[in-house]
Amino acid sequence: MPNTPCTAWPDRMEIRNFALPSFAHLQYAMSKETDILQPKNPSMHDTEIYPQRGRIDVICGSMFSGKTEELIRRIRRARIARQRVEIFKPEIDTRYSESEVVSHDGDAIVSTPVANSQAILLLASEADVVGIDEAQFFDPGIVDVCNALANQGKRVVVAGLDMDFKGTPFGPMPALCAIAEDVTKVHAICVRCGNLAYISHRIVEGDRQVMLGEQHEYEPLCRHCYERGVL
Ligand SMILES: [Zn+2]
């Protein structure tokens, strides 16, 4: 009986050919890992726990923190629970697609771009669960809209940037956090020291608050590295 090679481990050739993950992959993986650690009780976010009661959940954090991925995860679970879902985003956010909420890893889900917050109230009448992405770009009326939807018995899941690149609370996000039943703050990883990031630092010229972009325009930094870099 000839010796058969052990197949439980890859041979040396496979190990040599194993591609090292890129920095972007590591950054994303670390953000996912921290997301797993963030919710104190992840099950409380599951829509099947509160199937009939209106409520507002906010997912906030800096860029690259996995906000949209978490929104998509919750919406997908609502669909599995056979709830009717509608997702909206401001028309300003057309980085990738006119009709989809798209996260940085391409994990997309169809959404409806709307010109203002009132449009959500009109278009979400049939939904059990309403997802809202990039909420920081909406007008202040989004607060009343979310309250109205929740008071109708709908579950509203809102994702948005908590601060702009200067560290100023962004648009309606502080008010949305205040009225929400549950707030989840997610974090990217500081690209300079590896601690949890708290701000999306702009690394190109410009002073406008509303500026959309990817890695080449922003970098996630922790408080310490941001203060050292800016001052
Ligand atoms: Zn840092």
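Residues numbered from 1 in each chain as written. Predicted model: local features only at pLDDT ≥ 70, side-chain atom pairs only at ≥ 80, totals over all residues.

**As for the overall build of the chain**
Going by this rule: Under the DSSP-based scheme used, a helix requires at least four consecutive residues in state H or I and a strand at least two consecutive residues in state E, with every element numbered from the N terminus. C-beta atoms are first placed from the backbone for all residues, and any pair lying within 7 Å is then listed as a contact.
Per the secondary structure count, the chain includes 7 helices and 10 strands. Within the chain, counting contacts between residues at least 6 apart in sequence, those at least 24 apart form 73% of the total.

**Observations regarding the pairing of strand 7 (residues 155-161)**
Let me state the cut-off plainly: Comment: burial labels come from other C-beta atoms within 10 Å of the residue's own C-beta, placed from the backbone, where a count of 20 or more is buried, 12 or fewer is exposed, and between is partly exposed. Strands were regarded as paired on the criterion that DSSP finds at least two bridges between them. Handedness of a crossover is defined as follows: orient the strands so they point away from the viewer, and if the path from the first strand over the helix to the second runs clockwise, the crossover is right-handed.
In terms of burial, strand 7 is a largely internal element, 7 of the 7 residues being buried. Along strand 7, one buried face is formed by Arg155, Val157, Ala159 and Leu161 and the opposite face, lined by Val156, Val158 and Gly160, is buried too. Sheet analysis places strand 6 (residues 129-132) next to strand 7, joined by 4 bridges and oriented parallel. Counted as the bridge partner of Ile132 is Val158 from strand 7. After leaving strand 6, the chain enters helix 5 (residues 142-151) and then returns to the sheet as strand 7, a path that is right-handed.

**Observations concerning helix 5**
Applicable threshold: By construction, the arc corresponds to the directions joining the helix axis to the C-beta atoms.
Considered for burial, the residues of helix 5 that qualify are Ile142, Val143, Val145, Cys146, Leu149 and Ala150. Each buried residue of helix 5 sits inside an arc of 165° when the element is viewed along its axis, so together they form one side. Buried positions along helix 5 lie against strand 1 (55-61), helix 4 (117-123), strand 6, strand 7 and helix 6 (173-179). Directly after helix 5, the chain includes Gly153, whose backbone phi takes a positive value near 95°.

**Comments concerning the confidence of the model for the chain**
Here is the rule: For every residue, the predictor states its confidence as a pLDDT score lying anywhere from 0 to 100.
Overall, the prediction assigns the chain a mean pLDDT of 79, with 65% of residues at 70 or greater. Across residues 32-40, confidence stays below pLDDT 50; counting only partners more than four residues off in sequence or on other chains, it has 11 contacts.

**Observations regarding the sheet that holds strand 7**
Each strand in a sheet pairs with another by means of backbone hydrogen bonds, the pair being arranged parallel or else antiparallel. We count it as follows: Helix axes are fitted to C-alpha atoms over the stretch in contact, other axes to C-alpha atoms as well, and angles between N-to-C directions run from 0 to 180 degrees.
Strand order across the open sheet formed by 6 strands is 5-2-6-7-1-8, with parallel pairing between neighbours. Taken across any chain shown, the strands that pair with only one partner, and hence form the sheet edges, are strand 5 (112-114) and strand 8 (182-186). Pairs of neighbouring strands in the sheet enclose a mean axial angle of 20°, with direction left out of account. Where helix 3 (residues 67-80) meets the sheet, it contacts strand 1, strand 2 (85-90), strand 6, strand 7 and strand 8, and its direction lies at approximately 165° from that of strand 7. Against the sheet, helix 5 makes contact with strand 1, strand 6 and strand 7, and its axis sits at roughly 155° relative to strand 7, the strand it touches most.

**Considerations on the nonpolar core**
Heads up, the rule is: To form a nonpolar core, buried Ala, Val, Leu, Ile, Met, Phe, Trp, Tyr and Cys residues must be joined through C-beta atoms within 7 Å.
Core analysis: the largest hydrophobic core is formed by 51 residues, its most contacted members being Cys146, Val156, Val158, Leu176 and Ala197. Residue contributions to this core peak at 6 residues, all from helix 5.

**Concerning helix 3**
Every α-helix winds through 3.6 residues per turn, so residues three or four apart in the chain are directed the same way. Formally: Take the number of residues in a helix, subtract one, and multiply by 1.5 Å to get its expected span.
Over its 14 residues, helix 3 extends 20 Å from the first C-alpha to the last, a length consistent with the 20 Å expected when each residue adds 1.5 Å. Taken together, the buried positions of helix 3 are Lys67, Thr68, Glu69, Glu70, Leu71, Ile72, Arg74, Ile75 and Ala78. Just beyond helix 3, the residue with positive phi is Arg82, at close to 60°.

**Concerning the environment of Val204**
When you line up the elements, Val204 lands in the loop between strand 9 (199-202) and strand 10 (218-221). On the neighbour-count criterion, Val204 (9 C-beta atoms within 10 Å) is exposed. Val204 sits 12 residues away from His216 along the chain, and the two C-alpha atoms are 8.0 Å apart.

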